[in-house]
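# Structural overview for review
Here is what each chain is made of, one letter per residue.
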Amino acid sequence: MASTSSPPPSQILCASFNQENSLFYVGTNDGFRIFDVRTGRLCYEKNLGGINNMEMYFGSNLLAIVGTGEQPVLSPRRLRLFNTKTGATKKDLNFKTSVLAVRLSKKRLVVVLQDRTFIYDLNSTTILEEIETVSNTKGLCAFAPNSEACYLAIPASTSKGSALVYKASEPELICQIDAHQSPLAAMAFSSNGMYLATASEKGTIIRVFLVAQATKSHSFRRGTYPSTIYSLSFGPSNDLPDVLVATSSSGSLHMFFLDAARNRRNQPNKLLGSIIPGAITDALDPANHHIIQKVAPAEIKSCVAVHSVENSQNSSKLPALRTIVYIITYDGYFREYIINTTKSNESSWVLHCEFSLLNTGYSTPQLDEQHMD
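Looking at an unreviewed UniProt entry, one finds the chain named Anaphase-promoting complex subunit 4 WD40 domain-containing protein and attributed to Leersia perrieri. The record held by UniProt for the chain lists under Sequence similarities (unreviewed entry) the comment "Belongs to the WD repeat PROPPIN family." Reading the Subcellular location (unreviewed entry) entry of the UniProt record for the chain gives the comment "Preautophagosomal structure membrane".

So, in structure tokens, the structure goes:
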């Protein structure tokens, strides 16, 4: 008898959140899925072939998708603007080389190739700027879609950790930030685009820069041994960001407090005295760094987002900052952590919920509060 081989199991090839952190997607070797972060509900699923890159357009029906190339219509050199409501393609954009990253704002579409980056007007899909870049094999970029200027950062060097920052709204180059001695591995803007966080391939130090002045405002030590930083995310504040979180190949979640959070934690009932932080934060100060171990298996890629940072009370009725963090791991899980940090800098966390992204099933673990390192 002829044997029939079963199809390969689904594997996550890409994953991220929409611009509001209200929805998230996973692209797999079968197609893609979209989930609601608060309920875990599978909102949309399409099996059309392997999806290597993807971007959502806020909470709308519009998606940007790039295939793996197993089917001609899903060439890695073709960007498709796809409507989930009609199931039809609104527009195809074809390129000479593979599309490595896609970003969307209300007015702009950014497409990153290995040696150039395109900025489009989203409505007309007219090219506004074509930027020749250094070799960017991972499609590394950072984008601030909710900022008025739509800030865009791309690598400026293959030998050191420098970034070029553009206003995609114009578009125009505004500065170069020299962040690290080693090449960049991760970047992220704050919600308003005021700050840019960077990590190098070494991954021991994470730095935060004030974009308007191209100056360093914070420097945090993640660890002593090298580790690949997979994802960075600021708190969602429209003014000063409260926290910065990172996930790495060690499988840990790192949370760093910025000036705004320290002011809120130490003076919870007073207004911030200044919009611009003063002295550079001491990178070795443990009061600014909290860790949750084993949020993902080691060497498994992950994507992180900070949902909220609020004043609250912990289980001992003490004033605290309550931070909600979402993590997508490429082994197929979504997890929501609630982290409480008191005025005395004691932190504890609870895994509030987790569910499988490949075999959908929402669960709310009944776990005791855990203390952070």
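Further remarks concern the overall build of the chain. Counting secondary structure elements, the chain contains one helix and 30 strands. When contacts within the chain are restricted to residue pairs at least 6 apart in sequence, long-range pairs at least 24 apart make up 41% of them. On the chain, roughly 16,800 Å² of surface is accessible, and the fraction owed to carbon and sulfur atoms is 46%.

If you look at the biggest cluster of nonpolar residues, it comprises 31 residues, and the most contacted ones within it are F17, F24, M54, I328, F334 and L357. Apart from residues lying up to four places away in sequence, M54 is in contact with C14, Y25, F32, I34, L63, A64 and I65.

Enumeration according to the criterion identifies 17 aromatic pairs in this entry. Taken together, a centroid distance of 5.1 Å and an interplanar angle of 15° make the contact between F24 and F35 stacked. Residue F24 is located in strand β2 (residues 23-28), and its partner F35 is located in strand β3 (residues 32-36); the two are separated by eleven residues in the primary sequence. With respect to class, F24 is no different from F35; both count as buried. Cluster of aromatic residues (ring-pair linked, three or more members): F17, F24, F35, Y326, F334 and F355.

The subject of this paragraph is the sheet that holds strand β24 (residues 289-292). In spatial order, the strands read β21-β22-β23-β24; together these four strands make up an open sheet with antiparallel pairing. Across the chains shown, the open sheet's two edge strands, defined by having one partner strand only, are β21 (229-234) and β24. The sheet shows a mean angle of 20° between the axes of neighbouring strands, direction not considered. As judged from the four bridges shared by strand β23 (residues 253-257) and β24, these two strands associate in the antiparallel manner. The residue of β24 that forms the bridge with H254 is I291.

Taken as a whole and judged by the stated rule, the model has seven salt bridges. A salt bridge links R116 to E130; the shortest N-O distance between them is 2.5 Å. Residue R116 is found in strand β11 (residues 116-121), and its partner E130 is found in strand β12 (residues 126-132); the two are separated by 14 residues along the sequence. Accessibility expressed as a relative area gives 42% for E130, which makes it partly exposed. Via salt bridges that share partners, D115, R116 and E130 belong to a single interconnected network.

As a further point, take the confidence of the model for the chain. Per-residue confidence for the chain gives a mean pLDDT of 88; residues scoring 70 or more make up 84%. Confidence over residues 267-284 falls short of pLDDT 50; this stretch has 32 contacts with residues more than four positions distant or in other chains.

Okay, the side chain of H290 next. Turning to its location among the elements, H290 is positioned in strand β24. Judged by its relative accessible area of 4%, H290 falls in the buried class. Only 3.2 Å separates the side chain of H290 from the side chain of N345, close enough to count as a polar contact. A distance of 3.1 Å separates the side chain of H290 from the side chain of S347, its partner in a polar contact.

Conventions we followed
Positions within a chain are numbered from 1, following the residues in the order the chain's sequence is written. Only residues with pLDDT of 70 or above have their local features reported here, since the model is predicted, and side-chain atom pairs are shown and tallied only from 80 upward, although totals for entire chains, interfaces and linings are computed over all residues. For side-chain calculations, the full set of non-hydrogen atoms in the structure is used, while hydrogens and water are omitted. UniProt positions are given in the numbering used here, feature names are shortened, and annotations may be inferred rather than shown by experiment. For the purposes of this entry, the term helix denotes a DSSP run of H or I that reaches at least four residues, the term strand denotes a run of E that reaches at least two, and both are numbered from the N terminus. In this description, contact between two residues means that some pair of their heavy atoms is separated by no more than 4.5 Å. For every accessible area listed, the method is Shrake-Rupley and the probe measures 1.4 Å; residues are considered covered only by the protein chains on display. Nine residue types can take part in a nonpolar core, namely buried Ala, Val, Leu, Ile, Met, Phe, Trp, Tyr and Cys, and a core is a set of them joined through side-chain atoms within 4.5 Å. Burial classes follow relative accessibility: with a 1.4 Å probe on protein chains only, a residue under 20% of its type's maximum area counts as buried, one over 50% as exposed, and anything between as partly exposed. Only the six-membered ring of Trp is used, alongside the rings of Phe and Tyr, when aromatic pairs are assigned; centres must lie within 6.5 Å, and planes under 30 degrees apart are stacked while those over 60 apart are edge-to-face, with the rest tilted. Two strands pair if DSSP finds at least two bridges between them. Simply put, an axis is a line fit to the C-alpha atoms, just over the touching stretch for a helix, and the angle between two N-to-C directions goes from 0 to 180 degrees. Here, a salt bridge means any side-chain nitrogen of Lys or Arg that lies within 4 Å of a carboxyl oxygen of Asp or Glu. For every residue, the pLDDT score states the predictor's confidence, bounded by 0 at the bottom and 100 at the top. Polar contact is the term for a pair of N or O atoms within 3.5 Å; when the atoms are in protein, one must be able to donate a hydrogen and the other to accept it, and sequence-neighboring residues count only if both atoms are side-chain atoms.

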